[in-house]
Amino acid sequence: MAVGTARTGSGAPGGEAGAAAGGAGAPGGAGVPGGRTGGGAGTGAGGGAGATDAGADAGAGAGADTGGGAETGGSARFGGRTKGAAGAGPRVRTAPPPLTERQEARRRRILDASTRLACGGGFDAVQMREVAESSGVALGTLYRYFPSKIHLLVATMEDQLGQLHGTLRKRPPAATAPGERVAETLLRAFRTLQREPQLADAMVRALIFADRSVSAEVATVARLTRTIIVDAMTPTPAPTPTGARLCAVRVIEHTWHAALVSWLTGRSTATEATQDIRTVCTLLDPLPPADTGR
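Here's a quick rundown of the structure. From a predicted model like this one, the values you see are computed outputs, not experimental measurements.

1. As for the overall build of the protein chain
Right, so step 1: Each helix and strand in the protein chain was counted, giving 10 helices and 5 strands.
Right, so step 2: By the burial criterion, 41% of the 294 residues in the protein chain qualify as buried.
Right, so step 3: In the protein chain, 68% of the contacts between residues at least 6 apart in sequence involve partners at least 24 apart.

This is the structure we're talking about:
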(Lines give C-alpha, C1' and ligand atoms only; values in the text may rest on other atoms or scores of the structure.)
Protein backbone atom coordinates (compact mmCIF):
# COMPACT_ATOMS: atom_id res chain seq x y z
CA MET A 1 0.00 0.00 0.00
CA ALA A 2 1.39 3.39 -0.96
CA VAL A 3 2.46 5.83 1.71
CA GLY A 4 -0.37 8.19 2.61
CA THR A 5 -3.08 5.76 1.55
CA ALA A 6 -5.44 4.52 4.21
CA ARG A 7 -7.76 1.59 4.06
CA THR A 8 -10.65 0.86 6.37
CA GLY A 9 -11.89 -2.70 6.66
CA SER A 10 -10.39 -6.01 5.64
CA GLY A 11 -10.91 -6.98 2.02
CA ALA A 12 -12.50 -10.37 2.53
CA PRO A 13 -15.06 -9.37 5.18
CA GLY A 14 -15.93 -6.22 3.27
CA GLY A 15 -16.61 -8.07 0.03
CA GLU A 16 -18.63 -10.73 1.80
CA ALA A 17 -20.64 -8.09 3.61
CA GLY A 18 -21.67 -6.37 0.41
CA ALA A 19 -22.42 -9.59 -1.47
CA ALA A 20 -24.44 -11.21 1.28
CA ALA A 21 -26.39 -8.10 2.08
CA GLY A 22 -27.56 -7.72 -1.51
CA GLY A 23 -25.87 -4.54 -2.73
CA ALA A 24 -22.20 -4.50 -3.70
CA GLY A 25 -20.77 -1.01 -3.76
CA ALA A 26 -19.48 0.57 -6.94
CA PRO A 27 -15.79 1.20 -7.39
CA GLY A 28 -14.60 4.63 -6.26
CA GLY A 29 -14.41 7.36 -8.85
CA ALA A 30 -11.19 8.03 -10.68
CA GLY A 31 -9.04 10.85 -9.41
CA VAL A 32 -9.79 10.36 -5.68
CA PRO A 33 -6.26 10.50 -4.22
CA GLY A 34 -5.16 7.40 -2.39
CA GLY A 35 -8.58 5.83 -1.94
CA ARG A 36 -11.22 3.60 -3.39
CA THR A 37 -14.55 2.27 -2.28
CA GLY A 38 -14.62 -1.51 -1.98
CA GLY A 39 -17.58 -3.75 -2.65
CA GLY A 40 -20.34 -3.48 -0.12
CA ALA A 41 -19.10 -0.36 1.63
CA GLY A 42 -22.02 1.07 3.54
CA THR A 43 -24.55 -0.76 1.36
CA GLY A 44 -25.61 -3.53 3.69
CA ALA A 45 -29.11 -2.23 4.40
CA GLY A 46 -30.94 -4.22 1.81
CA GLY A 47 -30.67 -7.95 2.72
CA GLY A 48 -30.24 -10.15 -0.37
CA ALA A 49 -32.44 -13.06 -1.32
CA GLY A 50 -32.51 -15.61 1.44
CA ALA A 51 -30.38 -13.49 3.77
CA THR A 52 -31.81 -12.94 7.22
CA ASP A 53 -30.94 -10.53 9.96
CA ALA A 54 -28.69 -8.54 7.61
CA GLY A 55 -30.06 -5.23 8.87
CA ALA A 56 -28.77 -1.78 8.21
CA ASP A 57 -25.55 -2.53 10.05
CA ALA A 58 -24.59 -5.46 7.80
CA GLY A 59 -22.32 -3.37 5.64
CA ALA A 60 -21.45 -0.45 7.86
CA GLY A 61 -17.75 0.20 7.98
CA ALA A 62 -16.88 -2.89 5.95
CA GLY A 63 -14.55 -2.75 3.00
CA ALA A 64 -14.12 0.97 2.21
CA ASP A 65 -10.81 2.61 1.34
CA THR A 66 -10.32 6.27 2.13
CA GLY A 67 -7.29 8.56 2.23
CA GLY A 68 -5.83 9.39 5.59
CA GLY A 69 -2.63 7.53 6.42
CA ALA A 70 -3.79 4.62 8.60
CA GLU A 71 -5.04 1.14 7.89
CA THR A 72 -7.74 -0.41 10.00
CA GLY A 73 -8.08 -4.19 9.73
CA GLY A 74 -11.33 -5.98 10.47
CA SER A 75 -14.63 -4.27 11.16
CA ALA A 76 -14.31 -0.77 12.57
CA ARG A 77 -17.53 -1.31 14.46
CA PHE A 78 -16.33 -4.46 16.18
CA GLY A 79 -12.70 -3.46 16.73
CA GLY A 80 -9.75 -4.19 14.51
CA ARG A 81 -6.06 -3.62 14.11
CA THR A 82 -4.99 -0.09 13.38
CA LYS A 83 -1.56 0.60 12.03
CA GLY A 84 0.12 3.64 10.59
CA ALA A 85 1.13 3.94 6.98
CA ALA A 86 4.71 3.11 6.06
CA GLY A 87 7.03 4.55 8.67
CA ALA A 88 4.20 5.89 10.83
CA GLY A 89 4.92 3.78 13.90
CA PRO A 90 3.79 0.49 15.49
CA ARG A 91 0.34 -1.05 15.32
CA VAL A 92 -2.22 -0.05 17.89
CA ARG A 93 -5.27 -2.23 18.38
CA THR A 94 -8.47 -0.29 18.84
CA ALA A 95 -10.86 -1.37 21.58
CA PRO A 96 -14.20 -2.59 20.21
CA PRO A 97 -17.23 -0.64 21.36
CA PRO A 98 -19.73 -2.46 23.58
CA LEU A 99 -22.25 -4.56 21.68
CA THR A 100 -25.88 -3.62 21.78
CA GLU A 101 -28.37 -6.12 23.16
CA ARG A 102 -29.36 -7.13 19.65
CA GLN A 103 -25.74 -7.54 18.55
CA GLU A 104 -24.94 -9.59 21.62
CA ALA A 105 -27.89 -11.88 20.88
CA ARG A 106 -26.69 -12.27 17.29
CA ARG A 107 -23.16 -13.08 18.46
CA ARG A 108 -24.60 -15.63 20.88
CA ARG A 109 -26.45 -17.37 18.02
CA ILE A 110 -23.26 -17.48 15.97
CA LEU A 111 -21.24 -19.05 18.79
CA ASP A 112 -24.01 -21.57 19.48
CA ALA A 113 -24.09 -22.54 15.80
CA SER A 114 -20.30 -22.93 15.75
CA THR A 115 -20.47 -25.16 18.82
CA ARG A 116 -23.22 -27.35 17.31
CA LEU A 117 -21.37 -27.81 14.04
CA ALA A 118 -18.07 -28.57 15.79
CA CYS A 119 -19.75 -31.11 18.08
CA GLY A 120 -21.23 -32.85 15.05
CA GLY A 121 -18.25 -32.92 12.73
CA GLY A 122 -15.19 -31.31 14.26
CA PHE A 123 -12.97 -28.66 12.71
CA ASP A 124 -13.88 -29.36 9.07
CA ALA A 125 -17.62 -29.13 9.77
CA VAL A 126 -17.37 -25.50 10.87
CA GLN A 127 -17.76 -23.71 7.52
CA MET A 128 -18.63 -20.03 7.58
CA ARG A 129 -21.57 -20.35 5.18
CA GLU A 130 -23.09 -23.17 7.26
CA VAL A 131 -22.56 -21.16 10.45
CA ALA A 132 -24.32 -18.18 8.90
CA GLU A 133 -27.28 -20.28 7.79
CA SER A 134 -27.53 -22.10 11.10
CA SER A 135 -27.42 -18.88 13.12
CA GLY A 136 -29.79 -16.98 10.82
CA VAL A 137 -27.41 -14.17 9.85
CA ALA A 138 -26.11 -12.98 6.52
CA LEU A 139 -22.67 -14.28 5.57
CA GLY A 140 -21.28 -10.75 5.42
CA THR A 141 -22.60 -10.04 8.90
CA LEU A 142 -20.87 -13.18 10.20
CA TYR A 143 -17.55 -12.00 8.77
CA ARG A 144 -17.94 -8.67 10.54
CA TYR A 145 -18.16 -10.44 13.88
CA PHE A 146 -15.51 -13.06 13.08
CA PRO A 147 -13.13 -12.38 10.15
CA SER A 148 -12.25 -16.07 9.72
CA LYS A 149 -13.07 -19.58 10.84
CA ILE A 150 -10.04 -19.51 13.15
CA HIS A 151 -11.28 -16.32 14.82
CA LEU A 152 -14.66 -17.98 15.29
CA LEU A 153 -13.34 -21.20 16.81
CA VAL A 154 -10.94 -19.39 19.15
CA ALA A 155 -13.92 -17.29 20.28
CA THR A 156 -15.85 -20.54 20.77
CA MET A 157 -13.11 -21.78 23.08
CA GLU A 158 -13.21 -18.50 24.97
CA ASP A 159 -16.97 -18.98 25.32
CA GLN A 160 -16.55 -22.53 26.64
CA LEU A 161 -13.95 -21.35 29.16
CA GLY A 162 -16.29 -18.57 30.22
CA GLN A 163 -18.97 -21.15 30.95
CA LEU A 164 -16.45 -23.17 32.96
CA HIS A 165 -15.53 -20.05 34.93
CA GLY A 166 -19.19 -19.43 35.67
CA THR A 167 -19.60 -23.01 36.88
CA LEU A 168 -16.51 -22.63 39.07
CA ARG A 169 -18.10 -19.66 40.81
CA LYS A 170 -21.39 -21.51 41.34
CA ARG A 171 -19.84 -24.83 42.32
CA PRO A 172 -16.30 -24.25 43.58
CA PRO A 173 -14.00 -27.23 44.13
CA ALA A 174 -14.40 -29.01 47.47
CA ALA A 175 -10.72 -29.68 48.16
CA THR A 176 -8.73 -27.47 50.52
CA ALA A 177 -5.16 -27.60 49.17
CA PRO A 178 -4.54 -25.21 46.24
CA GLY A 179 -3.11 -27.90 43.98
CA GLU A 180 -6.00 -30.25 44.62
CA ARG A 181 -8.52 -27.48 44.00
CA VAL A 182 -6.96 -26.56 40.65
CA ALA A 183 -6.68 -30.21 39.62
CA GLU A 184 -10.36 -30.76 40.45
CA THR A 185 -11.33 -27.75 38.35
CA LEU A 186 -9.22 -28.63 35.31
CA LEU A 187 -10.24 -32.28 35.40
CA ARG A 188 -13.88 -31.21 35.52
CA ALA A 189 -13.24 -29.32 32.29
CA PHE A 190 -11.34 -32.27 30.82
CA ARG A 191 -14.25 -34.62 31.48
CA THR A 192 -16.56 -32.18 29.71
CA LEU A 193 -14.26 -32.13 26.68
CA GLN A 194 -14.08 -35.91 26.69
CA ARG A 195 -17.85 -35.96 26.20
CA GLU A 196 -17.46 -33.70 23.12
CA PRO A 197 -14.13 -34.74 21.57
CA GLN A 198 -14.90 -33.24 18.15
CA LEU A 199 -15.58 -29.84 19.70
CA ALA A 200 -12.39 -30.11 21.74
CA ASP A 201 -10.40 -31.01 18.62
CA ALA A 202 -11.84 -28.10 16.63
CA MET A 203 -11.05 -25.53 19.31
CA VAL A 204 -7.54 -26.78 20.02
CA ARG A 205 -6.70 -26.98 16.31
CA ALA A 206 -7.85 -23.39 15.90
CA LEU A 207 -5.45 -22.32 18.65
CA ILE A 208 -2.62 -24.19 16.96
CA PHE A 209 -3.40 -22.76 13.50
CA ALA A 210 -3.92 -19.19 14.74
CA ASP A 211 -1.56 -16.65 13.21
CA ARG A 212 -0.69 -13.14 14.36
CA SER A 213 -4.04 -11.77 13.19
CA VAL A 214 -5.69 -13.80 15.97
CA SER A 215 -3.09 -12.98 18.63
CA ALA A 216 -5.43 -10.80 20.70
CA GLU A 217 -8.11 -13.51 20.80
CA VAL A 218 -5.55 -16.21 21.68
CA ALA A 219 -4.20 -13.97 24.44
CA THR A 220 -7.73 -13.63 25.81
CA VAL A 221 -8.06 -17.42 25.97
CA ALA A 222 -4.72 -17.63 27.80
CA ARG A 223 -5.73 -14.95 30.30
CA LEU A 224 -9.07 -16.63 30.97
CA THR A 225 -7.38 -20.00 31.49
CA ARG A 226 -4.98 -18.40 33.95
CA THR A 227 -7.83 -16.64 35.74
CA ILE A 228 -9.67 -19.94 36.15
CA ILE A 229 -6.55 -21.52 37.67
CA VAL A 230 -5.92 -18.61 40.04
CA ASP A 231 -9.57 -18.41 41.13
CA ALA A 232 -9.63 -22.14 41.83
CA MET A 233 -6.61 -21.97 44.13
CA THR A 234 -8.43 -20.54 47.14
CA PRO A 235 -12.08 -20.56 48.32
CA THR A 236 -12.02 -16.78 48.70
CA PRO A 237 -10.45 -14.11 46.49
CA ALA A 238 -6.71 -13.88 47.03
CA PRO A 239 -3.94 -11.58 45.78
CA THR A 240 -2.61 -12.31 42.32
CA PRO A 241 0.24 -14.83 42.57
CA THR A 242 3.76 -13.53 42.09
CA GLY A 243 7.23 -15.01 41.83
CA ALA A 244 7.49 -18.78 42.00
CA ARG A 245 3.73 -19.17 42.53
CA LEU A 246 2.97 -17.29 39.31
CA CYS A 247 5.56 -19.38 37.50
CA ALA A 248 3.79 -22.52 38.74
CA VAL A 249 0.47 -21.18 37.42
CA ARG A 250 2.02 -20.66 33.98
CA VAL A 251 3.50 -24.16 33.97
CA ILE A 252 0.07 -25.58 34.87
CA GLU A 253 -1.52 -23.60 32.05
CA HIS A 254 1.04 -24.89 29.52
CA THR A 255 0.74 -28.47 30.75
CA TRP A 256 -3.05 -28.29 30.56
CA HIS A 257 -2.95 -27.32 26.88
CA ALA A 258 -0.20 -29.84 26.11
CA ALA A 259 -2.18 -32.62 27.80
CA LEU A 260 -5.22 -31.76 25.66
CA VAL A 261 -3.18 -31.84 22.46
CA SER A 262 -1.49 -35.10 23.42
CA TRP A 263 -4.84 -36.73 24.21
CA LEU A 264 -6.57 -35.42 21.07
CA THR A 265 -3.76 -36.62 18.81
CA GLY A 266 -3.69 -40.06 20.39
CA ARG A 267 -0.21 -39.72 21.87
CA SER A 268 -1.56 -40.26 25.37
CA THR A 269 -4.63 -41.80 26.91
CA ALA A 270 -7.23 -39.93 28.95
CA THR A 271 -5.81 -41.63 32.05
CA GLU A 272 -2.30 -40.40 31.27
CA ALA A 273 -3.55 -36.87 30.59
CA THR A 274 -5.37 -36.94 33.92
CA GLN A 275 -2.20 -38.04 35.72
CA ASP A 276 -0.20 -35.28 34.05
CA ILE A 277 -2.71 -32.63 35.13
CA ARG A 278 -2.80 -33.92 38.70
CA THR A 279 1.00 -34.06 38.88
CA VAL A 280 1.64 -30.54 37.59
CA CYS A 281 -0.94 -29.09 39.98
CA THR A 282 1.15 -30.30 42.94
CA LEU A 283 3.50 -27.41 42.11
CA LEU A 284 1.05 -25.22 44.01
CA ASP A 285 1.20 -27.24 47.21
CA PRO A 286 3.79 -26.54 49.92
CA LEU A 287 6.90 -28.66 49.73
CA PRO A 288 7.30 -31.25 52.50
CA PRO A 289 9.84 -30.43 55.22
CA ALA A 290 13.41 -31.23 54.28
CA ASP A 291 14.71 -34.54 55.51
CA THR A 292 17.20 -33.68 58.29
CA GLY A 293 17.88 -37.25 59.37
CA ARG A 294 21.14 -37.51 57.46
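On we go from here.
2. Description of the nonpolar core
Right, so step 1: Core analysis: the largest hydrophobic core is formed by 57 residues, its most contacted members being Leu-142 and Val-182.
Right, so step 2: Sorting elements by how many residues they give to this core places helix H5 (residues 149-170) first, with 9 residues.

3. Side note on the environment of Gln-275
Right, so step 1: By secondary structure assignment, the location of Gln-275 is in helix H10 (residues 270-281).
Right, so step 2: Among the residues examined, Gln-275 registers a relative accessible area of 46% and is labelled partly exposed.
Right, so step 3: Residues Gln-275 and Ala-259, spaced 16 residues apart in sequence, show a C-alpha to C-alpha distance of 9.6 Å.

4. Here we look at the packing of helix H6 (residues 178-195) against H10
Any two packed helices are characterised by the angle at which their axes cross and by the distance between the axes.
Right, so step 1: Relative orientation of the contacting elements H6 and H10 amounts to 155 degrees, with a least axis distance of 8 Å. Judged by the inter-axis angle, H6 sits roughly antiparallel to H10. Here the hand of the crossing between H6 and H10 comes out right-handed. Here Gly-179, Val-182, Ala-183, Leu-186, Leu-187, Phe-190 and Gln-194 of H6 lie close against H10, whose contacting residues are Ala-270, Ala-273, Thr-274, Ile-277, Arg-278 and Cys-281.
Right, so step 2: Of the residues contributing to the contact of H6 with H10, the split by class is 9 nonpolar, 3 polar and 1 charged.

5. Some words on the pattern of salt bridges
Right, so step 1: Applying the stated criterion across every chain, the model contains 5 salt bridges.
Right, so step 2: When the shortest N-O distance is used, the salt bridge between Arg-226 and Glu-253 registers 2.9 Å. A residue pair is termed long-range when its members are at least 10 positions apart, and Arg-226 in helix H8 (residues 215-233) and Glu-253 in helix H9 (residues 243-264) qualify at 27 residues.
Right, so step 3: Because the salt bridges share partners, they merge into one network encompassing Arg-108, Asp-112 and Asp-159.

6. What about the packing of aromatic side chains?
Right, so step 1: Following the criterion strictly, the structure yields 2 aromatic pairs and no others.
Right, so step 2: Between the aromatic rings of Phe-123 and Phe-209, the centroid separation amounts to 5.5 Å while the plane-to-plane angle is 80 degrees, which identifies the pairing as edge-to-face. With Phe-123 in the loop between helix H2 (101-121) and helix H3 (128-135) and Phe-209 in helix H7 (residues 197-209), the pair connects residues that are 86 residues apart, well separated along the chain.
Right, so step 3: Judged by its relative accessible area of 10%, Phe-123 falls in the buried class.
Right, so step 4: For Phe-209, a relative accessible area of 47% corresponds to the partly exposed category.
Right, so step 5: With a centroid separation of 5.1 Å and 85 degrees between ring planes, the pair formed by Phe-190 and Trp-263 is classed as edge-to-face. Of this pair, Phe-190 sits in helix H6 while Trp-263 sits in helix H9, and the two are 73 residues apart along the sequence.
Right, so step 6: The aromatic ring of Phe-123 is capped on one face by Lys-149, whose charged end is 3.9 Å from the ring centroid.

7. A look at the packing of H5 against H8
Right, so step 1: Interaxial distance between H5 and H8 falls to 9 Å at its minimum, and their mutual angle equals 15 degrees. Classified by the angle between their axes, H5 and H8 sit roughly parallel to one another. Seen along the crossing, H5 lies across H8 with a hand that is left-handed. For the pair formed by H5 and H8, the contact residues are His-151, Val-154, Met-157, Glu-158, Leu-161, Gly-162, Leu-164, His-165 and Leu-168 on the first element and Glu-217, Val-218, Thr-220, Val-221, Leu-224, Thr-225, Thr-227, Ile-228, Asp-231 and Ala-232 on the second.
Right, so step 2: Across the contact of H5 with H8, the residue classes break down as 10 nonpolar, 6 polar and 3 charged.

Calculation notes
- Residues numbered from 1 in each chain as written.
- Predicted model: local features only at pLDDT ≥ 70, side-chain atom pairs only at ≥ 80, totals over all residues.
- Heavy atoms only, no water.
- Helix = DSSP H or I, 4+ residues; strand = E, 2+ residues; numbered from the N terminus.
- Buried < 20%, exposed > 50% of the residue type's maximum accessible area, 1.4 Å probe, protein only.
- Contact = heavy atoms within 4.5 Å.
- Core = buried A, V, L, I, M, F, W, Y, C linked by side-chain atoms within 4.5 Å.
- Axes fitted to C-alpha atoms, helices over the stretch in contact; angles between N-to-C directions.
- Parallel < 35°, antiparallel > 145°, perpendicular 65-115°, else oblique.
- Left-handed = near helix turned anticlockwise from the far one by under 90°.
- Nonpolar A, V, L, I, M, F, W, Y, C, P; charged D, E, K, R; others polar.
- Salt bridge = Lys/Arg side-chain N within 4 Å of Asp/Glu carboxyl O.
- Phe/Tyr/Trp six-rings, centres within 6.5 Å; stacked < 30°, edge-to-face > 60°.
- Lys NZ or Arg CZ within 6 Å of the ring centre and 35° of its normal.

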